[in-house]
Amino acid sequence: MPRKVIFDTDPGIDDALALLLLAVSPEIELLGITVTHGNTSQEKCLRNALSLVELAGISHIEVARGAEEPLVKELSVAEETHGDGGLGYASLPPSNKAISKVAAHDFIIEQVEKYPGEVTILAVGPMTNVALALLKRPQLAQKIDSIISMGGAIHYPGNATPQAEYNVFCDPEAFDIVLRSGIDFTLVPLDVTYKCIFTKEHLNRIDRARRDIKEFITESTRFYMEFHVKHQSIEGCAINDPLAAALLLDPNLVKSEDYFVRVDLMAPTSKAKTIADYYGALKEPANAHVAMQVDVERFMDLFIERMNRFQ
Ligand code: RIB
Ligand code: CA
């Protein structure tokens, strides 16, 4: 039975690759895509999501407009990382697909109440939409099956500040609300995603995909790779979001530890840091399965094999 998934995303180059992976994986029943601010503005992320579902051949999937801004802090965007359009050097034809009449957080509420206990939310951007759904309908937490979140950094340095990972940094209060919700929560932090460096050699192995798919992956990751080598001396690009998506297909790609994790909302220097209590010093029950090891080769093989399914 395919797994029911809501994809909450801020496309964004690696978000786009995760969306392609979901689109070509029969193990997933994609209930809808909810768009959040993050890598660029909500408007640009929404425009990208609408064009991406056309490219991926899933234009029947509902796409819902999400939060324009975080719950508390000012809006952040990462156009030096993803380009001012959000998809690097790739350009997709604009879509005339109708945007869902339902706002993202209401779409989440509707779908979870339609399928209580069955829906996984794959969240690969700031958590604003999910937090708004929980604030509006607190009892929703008991009806969401699980959340898989690309976010946080445990032993690894932050990529937004020295301490904070970008998705948490964009809306730390929202991430804190969702982490405290009691929902079965899997965290996929930079500790594992920065082991998954997509290189030109990996790109060359995507040699059977349809031309427009290959071109999109080439042009979007070309920008992303230029960012990584210039700012992080990495020859390639960290495909963070596709790893989180891949756990829906094979959870054994990672080894996880159960920790009590909280978001630092106080200290200015460590604001938005995800703090895992790995020695149990706080005597708090674990609230997250934190992916700490990854089988990189098996993940890359899976990703490449799935991209080559686009004919
Ligand atoms: O820190 C990496 C995360 O921030 C990824 O989800 C990327 O798309 C950006 O949203
Ligand atoms: Ca993202």
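Refer to the structure presented above.
How each quantity is defined
Residues numbered from 1 in each chain as written. Chains lettered and ligands numbered in written order. Predicted model: local features only at pLDDT ≥ 70, side-chain atom pairs only at ≥ 80, totals over all residues. Heavy atoms only, no water. Salt bridge = Lys/Arg side-chain N within 4 Å of Asp/Glu carboxyl O. Helix = DSSP H or I, 4+ residues; strand = E, 2+ residues; numbered from the N terminus. Buried < 20%, exposed > 50% of the residue type's maximum accessible area, 1.4 Å probe, protein only. Pairing = 2+ DSSP bridges. Contact = heavy atoms within 4.5 Å. Axes fitted to C-alpha atoms, helices over the stretch in contact; angles between N-to-C directions. Core = buried A, V, L, I, M, F, W, Y, C linked by side-chain atoms within 4.5 Å.

### Observations regarding the pattern of salt bridges
Applying the stated rule across the entire model yields 21 salt bridges. With its nearest N and O atoms 3.7 Å apart, the salt bridge here joins Glu113 to Lys143. Here Glu113, found in helix α4 (residues 104-114), pairs with Lys143, found in the loop between α5 (128-136) and β5 (146-150); they are 30 residues apart in sequence, far enough to count as distant. Using a relative accessible area of 32% as the deciding quantity, one classes Glu113 as partly exposed.

### A few points about the sheet that holds strand β3 (residues 63-64)
Reading across the sheet, the eight strands line up as β3-β2-β1-β4-β5-β6-β12-β9 and stay open at both edges, with mixed pairing between neighbours. Of all strands in the sheet, those with a lone pairing partner are β3 and β9 (254-259), marking the two edges. Sheet strands in contact with α4 are β1 (3-9), β2 (28-35), β3 and β4 (119-123), and its direction is about 155 degrees off that of β2. With respect to the sheet, helix α7 (residues 172-179) is in contact with β5, β6 (185-188) and β12 (288-294), its orientation differing from that of β6 by roughly 140 degrees.

### Focus on the nonpolar core
Soluble globular proteins tend to bury their nonpolar side chains together. Ranked by internal contacts, the top residues of the largest apolar core, which has 71 residues, are Leu20, Leu122, Phe198 and Ile217. Broken down by element, this core gets its largest block of residues, eight residues, from helix α1 (residues 13-23).

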